[in-house]
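# Reading the structure
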Amino acid sequence: MGTMDQDILKVLYTEKQIAARIEAMGAEMYRDLEGKDPLFISVLRGAFIFMADIVRACPVKSDVEFIAVSSYGNATSSSGAVQITHDIQQDITGRNLVVIEDILDSGNTLYFLKQYFLTKGAASVAVCTLLDKPSRRAKAITADYVGFQVPDEFVVGYGLDYCQKYRNLPYIGVLKPEVYGGA
Ligand code: PRP
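Definitions and cut-offs
Residues numbered from 1 in each chain as written. Predicted model: local features only at pLDDT ≥ 70, side-chain atom pairs only at ≥ 80, totals over all residues. Heavy atoms only, no water. Helix = DSSP H or I, 4+ residues; strand = E, 2+ residues; numbered from the N terminus. Rg over C-alpha atoms; globule rule 2.2 N^0.38 Å. Buried < 20%, exposed > 50% of the residue type's maximum accessible area, 1.4 Å probe, protein only. Right-handed = clockwise from strand over helix to strand, strands pointing away. Pairing = 2+ DSSP bridges. Axes fitted to C-alpha atoms, helices over the stretch in contact; angles between N-to-C directions. Contact = heavy atoms within 4.5 Å. Phe/Tyr/Trp six-rings, centres within 6.5 Å; stacked < 30°, edge-to-face > 60°.

Looking only at helices and strands, the protein chain features three helices and nine strands. The N-to-C order of helical and strand elements in the protein chain reads β-α-β-α-β-β-β-α-β-β-β-β. Relative to the 2.2 N^0.38 estimate, which gives 16 Å for 183 residues, the radius of gyration of the protein chain is 16 Å and therefore close to what a compact globule would have. Reported as C-alpha extents along the three principal axes, the dimensions of the protein chain are approximately 50 × 35 × 25 Å.

The next point concerns the pairing of strand 2 (residues 39-44). Within strand 2, five of the six residues are buried, which leaves it mostly tucked inside the rest of the structure. A crossover connection joins strand 2 to the parallel strand 3 (residues 63-70) through helix 2 (residues 48-57); in handedness this β-α-β unit is right-handed. With four bridges joining them, strand 2 and strand 5 (residues 96-104) adopt parallel strand pairing. Bridging across to strand 5, Leu 39 finds its partner in Leu 97.

Another aspect to go through is the sheet that holds strand 7 (residues 145-149). The mixed open sheet is built from six strands, whose spatial order is 4-3-2-5-6-7. Each edge of the open sheet carries a strand with a single partner, namely strand 4 (83-86) and strand 7. Averaged over all pairs of adjacent strands, the angle between their axes in this sheet comes to 30 degrees, without regard to strand direction. Note that strand 3 and strand 4 share three bridges and pair antiparallel. Looking across to strand 4, one finds that Val 69 is bridged to Ile 84. Set on the sheet, helix 1 (residues 15-33) makes contact with strand 2, strand 5, strand 6 (124-132) and strand 7; between it and strand 7 the angle comes to about 160 degrees. Along the sheet, helix 3 (residues 108-119) contacts strand 2, strand 3, strand 4, strand 5 and strand 6; its crossing angle with strand 5, the most-contacted strand, is approximately 170 degrees.

This part covers the sheet that holds strand 1 (residues 8-13). Strand pairing in a sheet takes place through backbone hydrogen bonds and is either antiparallel or parallel in direction. Pairing is antiparallel in the open sheet, where three strands are placed in the order 1-9-8. Edge positions in the open sheet fall to strand 1 and strand 8 (155-156), since each of these has one partner strand only. Here two bridges tie strand 8 to strand 9 (residues 172-175), and the two strands are oriented antiparallel to one another. Looking at strand 9, one finds that Val 155 is bridged to Val 174.

Before going further, it helps to spend a moment on the packing of aromatic side chains. Overall, the coordinates contain six aromatic pairs when judged by the stated rule. Measuring from ring centre to ring centre gives 6.0 Å for Phe 112 and Tyr 116, while their planes differ by 10 degrees; the resulting arrangement is stacked. In this pair, Phe 112 and Tyr 116 are both assigned in helix 3, four residues apart and thus about one turn of the helix distant. On the basis of relative accessible area, Phe 112 is assigned to the partly exposed category, the value being 27%. Aromatic side chains Phe 154 and Tyr 162 sit 5.6 Å apart centroid to centroid with 90 degrees between the ring planes, which places their arrangement in the edge-to-face category. The buried category is assigned to Tyr 162, whose relative accessible area is 16%. One aromatic cluster is present, built from ring pairs that chain together Phe 112, Tyr 116 and Phe 117.

This is the structure we're talking about:
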């Protein structure tokens, strides 16, 4: 037990539940992507842990890229404006992309990224997100692969942060409101 645990109100998904879900998602993605030479693009920073697990659960011949965007700063909800702070390093013309996200919330980030990659000539852009919060959607976007649908609560762990902390919790939990000034 680490000291981060005391800031957690409740555990939503244990390490074991996450691993089991990712194994199933990886198998489903493998059936769709085998032979398509996909390029997995992880959105930093939140998706870095999920990326590492999902690409190993989907053993298709593929390559990986990383893109970093900023929209939230240290706030708990999206401002809507998305900026690329680190771009991918290769030509994606004609490639079948799978964008790997930790959470699909307002949809601003993925809506922007999907357009961006299509403009750059991608043949297809699929979206894979571990968590989906459809109740907060502001843009018309859905994911092709979803790990879990989550309620509108402040979730951290397994890559997800609050003020850059808690990313290294092995499970996904709800933060106590007093930690983020919500109570
Ligand atoms: C989170 C998450 C997504 C985005 C989703 O990133 O990783 O990229 O927000 O929210 P949206 O659907 O409302 O756009 P954040 O900006 O918190 O940065 P991080 O990945 O570094 O945690």
